[in-house]
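Inside the fold
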Amino acid sequence: RTVWPTMEGDKMVAAKVAMGVPTFVPSEIPVETNMTGGLEIIKNYPIQAGGRQLDVTCLAVGNPHAVAIMDEPVEQFPLVDIGPHVEHHELFPNRINFEIVNVIDRSKIRARIFERGAGETMSSGTGSTASASAARAHGLVDDEVDVIVDGGVLRISWNEAGEAFLEGPAVEVFTGVWPG
């Protein structure tokens, strides 16, 4: 990935990252296309997970994502309970990351992220990019979107070629010395 740092003195305080062009092609995500009847894209596709029906839009941003854009406030959604059912759903042969999204307006969404193998996370570059890209594919947002996640706010934008860019703060979370 190409990264453009924002520096204050010798410290990086923010960055812009080229995330690539999101793909909605089922075989590139991957999604079990024999289950979907050969759909060219998986958009608002109904699945049953944890006793709930969810309409998911599937895409890959270097890794696979299923995004559910919903009216129910994401804060009230039982992500920790439902996330594992989506992650391991038979539609996703390599498991999948799962995001739930509320569209606030054309420039802002609220998302929560369940990463495959890790559970709910406070923030994710690919999860935020997938959330905004799914909302954009539905025509719900413009070409620059703030994604509000539990860990803060990330901005996603796209260029004319469809490449997504992520911008956000860079925060030091750990320092250490590697034993030599």
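In this report, the structure presented in the accompanying data block is examined. Here, residues in each chain are numbered from 1, in the same order as that chain's written sequence. Totals for whole chains, interfaces and linings use all residues, but because this is a predicted model, local features are given only for residues with pLDDT of at least 70 and pairs of side-chain atoms are given and counted only at 80 or more. Each side-chain value is derived from all of the structure's non-hydrogen atoms; neither hydrogens nor water enter the calculation.

Moving on: helix H3 (residues 125-137). The helix count covers DSSP runs of H or I at least four residues long, the strand count covers runs of E at least two residues long, and both are numbered beginning at the N terminus. A helix's residues, less one, multiplied by 1.5 Å, set its expected span. Over its 13 residues, H3 runs 18 Å from end to end, which matches the ideal 18 Å to within 8%, given 1.5 Å per residue. Buried residues of H3: Thr 126, Gly 127, Ser 128, Thr 129, Ala 130, Ser 131, Ala 132, Ser 133, Ala 134 and Ala 135, and no others. Whenever two N or O atoms come within 3.5 Å, that pair is a polar contact, provided that in protein one can donate a hydrogen and the other can accept it, and provided that, for residues adjacent in sequence, both atoms are side-chain atoms. With a side-chain oxygen lying 2.9 Å from the backbone nitrogen of Gly 127, the N-terminal cap of H3 falls on Ser 124. Just past H3, the residue Gly 139 takes up positive phi, approximately 75 degrees. Three labels apply to residues, based on accessible area from a 1.4 Å probe with only protein chains included: buried if under 20% of the type maximum, exposed if over 50%, partly exposed otherwise in between.

Turning our attention to the side chain of Asn 97. Along the polypeptide, Asn 97 turns up in strand S6 (residues 97-105). By relative accessible area, Asn 97 is classed as buried at 4%. A polar contact of 2.8 Å, which involves the side chain of Asn 97, links it to the backbone oxygen of Pro 64. Within the structure, Asn 97 has its side chain in polar contact with the backbone nitrogen of Arg 116 (distance 2.9 Å).

At the junction of Ile 29 and Pro 30, the peptide bond is cis and its omega measures out at -5 degrees in the coordinates. Tracing the backbone through its elements, the reader meets Pro 30 in the loop between strand S2 (11-20) and helix H1 (33-36). Non-glycine residue Asn 44 carries a positive phi angle of around 55 degrees. Positionally, Asn 44 belongs in the loop between H1 and strand S3 (45-49).

So, about the pattern of salt bridges. When a carboxyl oxygen of Asp or Glu lies within 4 Å of a side-chain nitrogen of Lys or Arg, that pair is called a salt bridge. With the rule as written, the count across this model stands at nine salt bridges. We note a salt bridge from Arg 106 to Asp 142, for which the minimum N-O separation is 2.8 Å. Residue Arg 106 is located in the loop between S6 and strand S7 (108-115), and its partner Asp 142 is located in the loop between H3 and strand S9 (144-149); the two are separated by 36 residues in the primary sequence. The closest approach of N and O atoms between Arg 112 and Glu 120, which form a salt bridge, is 2.8 Å. Accessibility expressed as a relative area gives 10% for Arg 112, which makes it buried. For Glu 120, a relative accessible area of 29% translates into the label partly exposed. Here the salt bridges do not stand alone but share partners, grouping Glu 75, Arg 110 and Asp 150 into one network.

Before going further, it helps to examine the side chain of Thr 57. Position of Thr 57 relative to the elements: it lies in strand S4 (residues 52-60). On the basis of relative accessibility, which here comes to 1%, the residue Thr 57 falls in the buried class. Reaching out from Thr 57, the side chain makes a polar contact with the side chain of His 138 at a distance of 2.7 Å. Two residues qualify as a contact provided that any one of their heavy atoms is within 4.5 Å of a heavy atom in the partner residue. Sequence-distant contacts of Thr 57, that is, excluding residues within four places in its chain, are made with Phe 24, Ile 42, Lys 43, Asn 44, His 65, Ala 66, Val 67, Ala 134 and His 138.

What follows deals with the nonpolar core. Put simply, a nonpolar core is a bunch of buried Ala, Val, Leu, Ile, Met, Phe, Trp, Tyr and Cys residues held in one set by side-chain atoms that sit within 4.5 Å of each other. Counting 24 residues, the largest nonpolar core has Leu 54, Val 86 and Phe 98 as its most contacted members. At the level of elements, S3, S4, strand S5 (64-69), helix H2 (79-87) and S6 are the ones that each hand at least two residues to this core. Take this core: its biggest share by element is four residues, from S4. Setting aside chain neighbours within four positions, we find Phe 98 in contact with Leu 54, Val 56, Ala 66, Ala 68, Phe 77, Leu 79, Ile 82, Gly 83, Val 86, Arg 112, Ile 113 and Phe 114.

The subject of this paragraph is the packing of aromatic side chains. Classification of ring pairs rests on two measures: the distance between centres of Phe, Tyr or Trp rings, Trp counted by its six-membered ring, which must be within 6.5 Å, and the angle between planes, read as stacked under 30 degrees, edge-to-face over 60 and tilted in between. For the structure shown, the criterion picks out two aromatic pairs. When the centroid spacing of 6.0 Å and the interplanar angle of 50 degrees are considered together, the rings of Trp 4 and Phe 165 count as tilted. Taken as a pair, Trp 4 in strand S1 (residues 3-8) and Phe 165 in strand S11 (residues 164-169) lie far apart in primary sequence, 161 residues in all. For Trp 4, a relative accessible area of 40% puts it in the partly exposed group. Look at Phe 165 and you get buried, because its relative accessible area is 11%. The rule for a charge over a ring is simple: NZ of Lys or CZ of Arg within 6 Å of the ring centre, and within 35 degrees of the ring normal. The positively charged end of Lys 16 is found above the aromatic ring belonging to Phe 165, 5.0 Å away from the centroid.

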